Amino acid sequence: STIRLDDLAKIVKLSHSHFCRAFKESFGQPAHAYVMRRRVELAQGLMLSTTEPLSRIAATCGMADQAHFCKLFRRLVGETPNVWRRARREALAGID
């Protein structure tokens, strides 16, 4: 679901701008970038542990759609989700 910065700031009783500054100081990146990276990490786990289609994984991880997921994944990971998944699955199959 959508995570709004204003909602997070209210939870910790900070203004929007102070929350954003404090978050970046604490985590080394803006809150939005952190959330997107964590969603991609969740998707990576699902891609390795399930046979769900990428469209369903994208929705489960809170992405707007599969195209948004693929664009974000490629930007953060350096390859498309399908290529990443296939390479890891082949590597895991070679271990067995």
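Keep in mind the model is a prediction, meaning the values are calculated, not measured.

A.B. asks: For unusual backbone geometry, give the residues involved together with the corresponding values.
C.D. replies: Of note in this structure, K13 is not a glycine but carries a positive phi near 60°. In this fold, K13 is placed in the loop between helix 1 (5-11) and helix 2 (16-27).

A.B. asks: So what's going on with the packing of aromatic side chains? Which residues, and what values?
C.D. replies: Under the defined criterion, the tally for this structure stands at six aromatic pairs. Linked through ring pairs, F19, F23, F27 and Y34 together constitute an aromatic cluster.

A.B. asks: Can you tell me about the environment of F69, naming the residues and giving the values?
C.D. replies: Positionally, F69 belongs in helix 5 (residues 66-77). Separated by 12 residues in sequence, F69 and I57 have C-alpha atoms that sit 9.0 Å apart. Contact partners of F69, with chain neighbours within four places excluded, come to A43, M47, L54, A58, M63 and P81.

A.B. asks: Summarise the layout of surface pockets; cite the residues concerned and give the values.
C.D. replies: Its volume calculated, the largest pocket comes out at about 160 Å³. Mapped by element, the contributors of at least two residues to the lining of the largest pocket are helix 1 and helix 3 (31-49). Of all the elements, helix 3 adds the most residues to the lining of the largest pocket, at five residues. Among the residues forming the lining of the largest pocket, the class breakdown is six nonpolar, three polar and one charged.

A.B. asks: Can you tell me about the pattern of salt bridges, naming the residues and giving the values?
C.D. replies: Following the criterion strictly, the structure yields four salt bridges and no others. In this structure, E52 engages R56 in a salt bridge whose closest nitrogen and oxygen atoms are separated by 2.9 Å. Residue E79 pairs with R88 through a salt bridge whose shortest N-O separation is 3.0 Å. Each of R37, R38 and E41 takes part in a single network of salt bridges with overlapping partners.

A.B. asks: Before we move on, could you go through the packing of helix 3 against helix 5 and cite the residues and values that matter?
C.D. replies: Packing of helix 3 against helix 5 brings their axes to within 10 Å, and their N-to-C directions diverge by 100°. By the angle class used here, helix 3 and helix 5 are roughly perpendicular. Touching M36, R37, V40, A43, Q44 and M47 of helix 3 are F69, L72, F73, L76 and V77, all from helix 5. Tallied by class, residues from the contact of helix 3 with helix 5 come to nine nonpolar, one polar and one charged.

A.B. asks: Describe the nonpolar core, and please don't skip the residues or the numbers.
C.D. replies: If you look at the biggest cluster of nonpolar residues, it comprises 14 residues, and the most contacted ones within it are M47, M63, F69 and F73. Looking at this core, the elements with two or more residues in it are helix 3, helix 4 (54-60) and helix 5. Once you skip the residues sitting within four places of it in the chain, M47 turns out to touch L54, I57, F69, F73, P81, W84, R85 and R89.

Rules of the game
- Residues numbered from 1 in each chain as written.
- Predicted model: local features only at pLDDT ≥ 70, side-chain atom pairs only at ≥ 80, totals over all residues.
- Heavy atoms only, no water.
- Helix = DSSP H or I, 4+ residues; strand = E, 2+ residues; numbered from the N terminus.
- Phe/Tyr/Trp six-rings, centres within 6.5 Å; stacked < 30°, edge-to-face > 60°.
- Contact = heavy atoms within 4.5 Å.
- 1 Å grid on protein atoms, 1.4 Å probe; cavity = no way out; pocket = protein on both sides within 12 Å on 5 of 7 lines; lining within 4 Å.
- Points joined across faces, edges and corners; volume = space filled by probe spheres on them.
- Nonpolar A, V, L, I, M, F, W, Y, C, P; charged D, E, K, R; others polar.
- Salt bridge = Lys/Arg side-chain N within 4 Å of Asp/Glu carboxyl O.
- Axes fitted to C-alpha atoms, helices over the stretch in contact; angles between N-to-C directions.
- Parallel < 35°, antiparallel > 145°, perpendicular 65-115°, else oblique.
- Core = buried A, V, L, I, M, F, W, Y, C linked by side-chain atoms within 4.5 Å.
- Buried < 20%, exposed > 50% of the residue type's maximum accessible area, 1.4 Å probe, protein only.

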